[in-house]
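In case you want the letters, here they are:
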Amino acid sequence: MEPKEKQNTVELYFMEARAKLIDIAAFMDRVERDGHTEDFRFKAFKYALKSLESENRVQDVLMSFSDPTDELIPAATIKAACGTWPEESQQ
Amino acid sequence: MRYIEPHAHMVSRTTDDYVAMVTAGCKAVCEPAFWAGFDRSSANGFYDYFCQLTDYEPKRSAKFGLPHYCWLCINPKEAEDIKLADEVIALIPDFLKSDTVLGIGEIGLNKNSRNEMNVLEKHVNLAAENDQLILVHTPHLEDKHKGTKLIVDLIKSDSRIDPGKVLIDHVEEHTVKYVMDAGFWGGLTLYPESKCTSARAIDILENFGSERLWMNSACDWGVSVPLSVPYAAQEMRRRGYDDKTIDRIFYRNPVEFLSQCSNFKLR
């Protein structure tokens, strides 16, 4: 699917993406300042940033946060998801 | 514009939301059965909920001129208790006689557990035996990729199920291809913090095709936006799409899928 009148995507999205990037930088500074850099979620976040160098950035970022196993777990002891697979983030 | 809201939990929303949706061009709203934010203590709680979905909520919606349809199931977050799930599934056939029920949903997985899969299989069997459409919830965040593959593989393996009558919801960039390649329909959910933004949802349409995809707000009691579907249409206009393409994505695509159920009638 393509628009009939294709727009300049940098024109459309640069300011929004710039703001989000600055927010990410501020988030990382805040976590470091407050001493939470050992939190598994922050480690996973930093690991996911490496995917920005890949050719399939969105898919690779999503996969870096994903449970890579194939088997059903014995039982669900919690309902919520935390945003990243804990074991993967230990790398 | 005109659009269908194919996934909204209106029992959690206010009448202001109905007014806003109708004003924005919504022509029908479809409400899957879901988790209330707490576990119900017995099957009686689900009986009352199914009465609300099939009787009370269509009447409330009708006051604002909006046709209301629903899907029925016990959601995967309450599927760990097999005895409860069996009791709830036994209630569903009677409610399928209601003329606003679209099928079985939103079934699926949450944490990808054995009991969740057991209950999913029972729901798929219920749909097959009663020739019902299926709406599937895929897990959240880190559990989504694994859960989507497990769900797709299970339903694909049941020869009684026509993939064209199954919609796998909450797809994202890392799951959409698996769903589309298997012949299912896919749903893009527009959430402020998780799932998809409007811009990403349109990227997915551009990269993976727009024939068997729809967008929904899945608005409920959590962080969600009941008007996110028309907002996404506005984002498509900003990108240069014409009214005809927008109409196909937001109206004709959902109508094509939902019209496979004879209960779905647009006035």
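In what follows, the structure referred to is the one given above.
The model shown is predicted, which means the values in this text are computed figures rather than measured ones. (Residues numbered from 1 in each chain as written. Chains lettered and ligands numbered in written order. Predicted model: local features only at pLDDT ≥ 70, side-chain atom pairs only at ≥ 80, totals over all residues.)

(A) Looking closely at the interface of chain A and chain B. Each partner contributes residues to the interface: chain A has 28 residues there, and chain B has 30 residues. The greatest single-element share of the side of chain A that touches chain B, amounting to 4 residues, is contributed by helix H3 (residues 57-64) of chain A. The class makeup of the residues in the side of chain A that touches chain B is 15 nonpolar, 6 polar and 7 charged. (Contact = placed C-beta atoms within 7 Å. Helix = DSSP H or I, 4+ residues; strand = E, 2+ residues; numbered from the N terminus. Nonpolar A, V, L, I, M, F, W, Y, C, P; charged D, E, K, R; others polar.)

(B) Representation of the packing of helix H3 (residues 82-95) of chain B against helix H4 (residues 114-129) of chain B in the model. Residue and element names in this part refer to chain B. The contact between H3 and H4 brings their axes to 11 Å, and the two run at 15°. The orientation of H3 with respect to H4, classified from their angle, is roughly parallel. Of the two possible hands of crossing, H3 and H4 adopt the one that is right-handed. Every residue of H4 that contacts H3 at Ile82, Ala85, Ile89 and Ile92 is listed here: Asn115, Asn118, Val119, Lys122, His123 and Leu126. By residue class, the composition of the contact of H3 with H4 is 6 nonpolar, 3 polar and 1 charged. (Axes fitted to C-alpha atoms, helices over the stretch in contact; angles between N-to-C directions. Parallel < 35°, antiparallel > 145°, perpendicular 65-115°, else oblique. Left-handed = near helix turned anticlockwise from the far one by under 90°.)

(C) Representation of the nonpolar core within the structure. Residues Leu72, Leu102, Ile134, Ile168, Ala201 and Met215 of chain B are the most contacted members of the largest nonpolar core, which totals 77 residues. Look past the residues within four positions of leucine 102 of chain B in its chain and what remains in contact with it is Cys30, Tyr69, Cys70, Trp71, Leu133, Leu258, Cys261, Asn263 and Phe264 of chain B. Residues Ala44, Phe45, Leu62 and Phe65 of chain A belong to the second largest nonpolar core, which totals 6 residues. (Core = buried A, V, L, I, M, F, W, Y, C linked by C-beta atoms within 7 Å. Buried ≥ 20, exposed ≤ 12 C-beta atoms within 10 Å, placed from the backbone.)

(D) Region of interest: H3 of chain A. Residue and element names in this part refer to chain A. Inspection of H3 places Val61, Leu62 and Ser64 among the buried residues, and these make up the whole buried set. Angular distribution of buried residues about the axis of H3 spans 165°; they occupy a single face of the element. Looking at the buried side of H3, the elements it contacts are helix H2 (40-49). (Arc of directions from axis to C-beta.)

(E) Looking closely at the environment of histidine 140 of chain B. Along the chain, histidine 140 of chain B falls in the loop between strand E5 (133-137) and helix H5 (144-156). With 18 C-beta atoms packed within 10 Å, histidine 140 of chain B lands in the partly exposed category. Here the alpha-carbon distance between histidine 140 of chain B and valine 88 of chain B, two residues 52 residues apart in the chain, equals 24 Å. Those residues within four positions of histidine 140 of chain B in sequence are excluded, and the remaining contacts are Ala81 of chain A together with Ser194 of chain B.

Purely spatial values, then, with no claim about function.
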